[in-house]
Structures are given as structure tokens and as C-alpha cells.
Amino acid sequence: MISPPMTEALPPALHEKLETLLATLAGYGRVAVAFSAGVDSTVVARAAQQACGDDAVAVTAVSPSLASGEREQAEQLALQIGIRHVVIETDEFDNPDYLKNEPNRCYFCKTELYTRLGHILPQLDVDVIANGANVDDQGDHRPGMVAAGEHAVRSPLLDVGMTKQDVRDLAHHWDLPVWDKPAMPCLSSRIAYGVGVTTERVRRVDEAEKYLREEFGLLEFRVRHEANELARIEVPVDELPRLLDASNRQAITAKLRELGFAFVTIDLEGFRSGSLNSVIAVDDLQVLGSD
């Protein structure tokens, strides 16, 4: 196993986790990394390339729920890492259970992804699928991990005990530009449970977030698509005064109505990752499974 280039020494505990991660991935033999261009899957892809060389491949799934720019960033990151990169199209939007947008929506999305990956493993010349789940993901509602278990998908970061902070520190150590990238879940996750997922609604959310990102320089925020075509914008609390400024408020309202929203609101509680999960009953979470 080749030791990583050490521009600055990692803390001993993280260095030990990295060595274990590389050994774990090398033990897989030939591995396909489910690669979304988020920091977690990017670190797994970088480690897999180091541990497995040409026996590693990063696979990015493309569908209407992928936010603008994410495919292009995945391609750039794969080139930087030096890992073989394959883009596939997934068809979760053909599944009525996915479109119903119940709290287990993610299960159907990941089932589609892992099923599609499983079918092309011989074509990719690999044996194992790996994802980017880490230790901190265990406390959240993640029915997609149920699908991972059903398809024997490996979670190397979780297996070696890496936290989200470990992952970011390692990404920074490797000069990966996504080391501080905010979480970027799929666009369908912005749509309130019970409101049907449609290509028009995810397009509307994508265009709204692109506008806020480009016009206001926002990084960590969400445009939540509620019932009755209502947009609920979540930004960090310290950004609220800027968005509530009369001219900015009017411009945002006009743009989002142009995109097809009937109502535009700004959430006074500010940005909360996974806020739509707050409506799910505890019993539902237990039934659906969390990782």
C-alpha cells in the first residue's frame, strides 16, 4: 500500500483511520464508488484510487433530481483524483412509489441506483459497491441505508469509524476542493413529504437555488417546496436581514413566481439541515429505518 503524500502531518488518530480505510478498500479488490461529488464520496473515491488503482471506478448517477453543476463537478473531481469515472442515468422518476414522496422516498432512489450498479458490475470489471456513509450519518433518518444493506453495499468510512469532521479534515489534507462543501442532497429532498415529486417541481427548486446562489452568494441554504406551490426559503439566521431588505425581497419574490411558485416565504428559524424530517413521527422513523 502506498502511503499518502503528507503535505502536513495528519493527527495520529486520523492517520491511523486513514491507514485502516486504505487497507479496507484494498481488501475489497475491485470497487465501484457511488460518487455524488459530495465530500464523503469524494474522499472514498480518492482513497479507493490510492488503495486499488485501476481496480477502482467512480460512478455518478444522473437524473432530474441532480442539482445543476453537480455532474460537472464530479467529472472535474474524478479527473483531479485520477480515478476512472463513469456516468449512468437512473430512472427513479419512473417509479410511482418514489413519486408519491413519502418519508421512505430515498429507499426507492437508492434501490434504483444500487440495482442499476449491480447490473453493470461485470461491465465495470468490479466486484463491490461502496458508498460514502460516515459515523455521523447514523443519527439521521436515512432509509437509503436500508437499500444499501439489501444490496450488500459497503460503507468503508462507517466501518473504520470516520466522522464527518474526519472526512473534511482528510479532504483538506488531500487538497480536495470540496473539503468545506455544504451537504447537497438531491433536489427531491427539498419537496415536502406528501407533495408529489415531479420533474417540474425539482426543476423549479433547482432554478430557484441557482438564482439565490449566483445573485446573493449563498452557500448553505435551501428552497423547500411545500404544498400549494409555496417556496419556503431557509438561510443562515445572519443572512435574514439581507433577504428581508425590501428591494431584495421583491426581487426574490418576482423571480420565484416567474419560476412557477405561487407563494414565497422566508423561514424565520433559518437554515436547518433535514428540516422536512421534523414532521415524521418517531414510529415512522423506526419502521423506515435510519442509519
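Structure: above.
Structural notes, computed from the coordinates. (Residues numbered from 1 in each chain as written. Predicted model: local features only at pLDDT ≥ 70, side-chain atom pairs only at ≥ 80, totals over all residues. Heavy atoms only, no water.)

### Side note on the sheet that holds strand β4 (residues 128-130)
To keep things clear, this is the line we draw: At least two DSSP bridges between two strands are needed for those strands to be called paired. Under the DSSP-based scheme used, a helix requires at least four consecutive residues in state H or I and a strand at least two consecutive residues in state E, with every element numbered from the N terminus. Lines fitted to C-alpha atoms define the axes, with helix axes restricted to the stretch in contact, and inter-axis angles between N-to-C directions lie between 0 and 180 degrees.
One open sheet holds the four strands; their spatial order is β3-β2-β1-β4, and the pairing between them is parallel. Unpaired on one side and paired on the other, β3 (84-89) and β4 mark the two borders of the sheet. The sheet shows a mean angle of 30° between the axes of neighbouring strands, direction not considered. Looking at chain direction, strand β1 (residues 31-34) and strand β2 (residues 56-62) are connected through four bridges and run parallel. Paired with Ala-32 across the bridge in β2 is Val-57.

### Section: the packing of helix α1 (residues 12-28) against helix α2 (residues 39-52)
What counts here: Comment on the angle field: the value is read as roughly parallel under 35 degrees, roughly antiparallel over 145, roughly perpendicular from 65 to 115, and oblique elsewhere. Left-handed describes a crossing whose near helix is turned anticlockwise from the far helix by less than a right angle; the clockwise case is right-handed. Whether two residues are in contact is decided by their heavy atoms, any of which lying within 4.5 Å being enough. Three classes are used, and their members are as follows: Ala, Val, Leu, Ile, Met, Phe, Trp, Tyr, Cys and Pro are nonpolar, Asp, Glu, Lys and Arg are charged, and the others, Gly among them, are polar.
Relative orientation of the contacting elements α1 and α2 amounts to 65°, with a least axis distance of 8 Å. When the axes of α1 and α2 are compared, the pair comes out roughly perpendicular. α2 is crossed by α1, and the crossing has right-handed handedness. Seen from α1, the contacting residues are Leu-21, Leu-22, Leu-25 and Ala-26; seen from α2, they are Val-44, Ala-47, Ala-48, Gln-50, Ala-51 and Cys-52. Here the residues of the contact of α1 with α2 sort into nine nonpolar, one polar and no charged.

### A few points about the pairing of β3
As a general feature of sheets, a regular strand has side chains that alternate between the two faces. Our working rule: Crossover handedness is defined here as right-handed if the route from the first strand over the helix to the second strand goes clockwise, with the strands pointing away from the viewer.
Of the pairings in the sheet, the one linking β2 to β3 comprises six bridges and is parallel in character. In the strand pairing of β3, Thr-60 is matched with Val-87. Crossover β2 to β3 through helix α3 (residues 70-81) is right-handed.

### Things to note about the side chain of Ser-65
How we decide: Exposed residues in this analysis have more than 50% of their type's maximum accessible area, buried residues have under 20%, and partly exposed residues fall in between, with area computed by a 1.4 Å probe over protein chains only.
Looking at where Ser-65 falls in the secondary structure, it is placed in the loop between β2 and α3. Judged by its relative accessible area of 5%, Ser-65 is buried. Setting aside anything within four residues of it in sequence, one finds Ser-65 in contact with Glu-92, Phe-93, Tyr-98, Cys-186, Leu-187 and Ser-188.

### Points about the nonpolar core
The condition is simple: In these notes, a set of buried Ala, Val, Leu, Ile, Met, Phe, Trp, Tyr and Cys residues joined through side-chain atoms within 4.5 Å is what counts as a nonpolar core.
One finds Val-43 and Met-162 to be the most contacted residues of the largest nonpolar core, which totals 36 residues. The biggest single contributor to this core is α2, with seven residues. Apart from residues no more than four positions distant in its own chain, Met-162 is found in contact with Leu-14, Lys-17, Leu-18, Leu-21, Asn-134, Val-135, Leu-157, Val-167 and Leu-170.

### A short note on unusual backbone geometry
Even without being glycine, Asp-125 reaches a positive phi, approximately 65°. Examined against the element boundaries, Asp-125 turns out to sit in the loop between α5 (105-124) and β4. The backbone of Asn-228 shows a phi angle near 60°, a positive value even though the residue is not glycine. Of note, Asn-228 is situated in the loop between β5 (222-226) and β6 (230-234). Classification of Asn-228 by relative accessible area gives exposed; the value is 62%.

### What to know about the environment of His-172
Examined against the element boundaries, His-172 turns out to sit in helix α8 (residues 164-173). His-172 sits in the partly exposed class, given a relative accessible area of 43%. With 50 residues separating them along the chain, His-172 and Arg-222 place their C-alpha atoms 25 Å apart.

### Considering the packing of aromatic side chains
Here is the rule: When the centres of two rings from Phe, Tyr and Trp lie within 6.5 Å, Trp using its six-membered ring, the rings pair. Their planes under 30 degrees apart give stacked, over 60 give edge-to-face, and anything left gives tilted. Two thresholds decide whether a charge sits over a ring: the Lys NZ or Arg CZ must be within 6 Å of the ring centre and within 35 degrees of the ring normal.
Enumeration according to the criterion identifies three aromatic pairs in this entry. Where Tyr-211 meets Phe-216, the ring centres are 6.1 Å apart and the plane angle is 80°; that geometry is what we call edge-to-face. For the residue pair Tyr-211 and Phe-216, the accessibility class agrees, reading buried in each case. Its end group placed over the ring of Trp-174, Arg-46 keeps NZ or CZ at 4.2 Å from the ring centre. Of note, Arg-204 hangs over the ring of Phe-261, and the distance from its end group to the ring centre comes to 5.5 Å.

### Things to note about the pattern of salt bridges
What counts is decided by this rule: The term salt bridge refers to a side-chain nitrogen of Lys or Arg lying within 4 Å of a carboxyl oxygen of Asp or Glu.
Enumeration according to the criterion identifies 23 salt bridges in this entry. In this structure, the salt-bridge partner of Glu-269 is Arg-272, at a minimum N-O distance of 3.9 Å. Residue Glu-269 is classed as exposed on the basis of its relative accessible area of 60%. Sharing partners across several salt bridges, the network here consists of Arg-224, Glu-226, Arg-232, Glu-234, Asp-267, Glu-269 and Arg-272.

### Quick word on α3
Put simply, the rule reads: Given the number of residues in a helix, its expected span is that number minus one, multiplied by 1.5 Å. Directions pointing from the helix axis toward each C-beta atom define the arc.
For α3, which comprises 12 residues, the first-to-last C-alpha distance of 16 Å matches the rise-based estimate of 16 Å (1.5 Å per residue) to within 8%. For α3, the full list of buried residues reads Glu-70, Ala-74, Leu-77, Ala-78 and Ile-81. In an axial view of α3, the angular spread of the buried residues amounts to 100°, which keeps them on one side of the axis. Away from the buried face of α3 by more than 90 degrees, exposed residues Gln-76 and Leu-79 are located. Turning to α3, the residues buried within the fold contact α2, β2 and β3.

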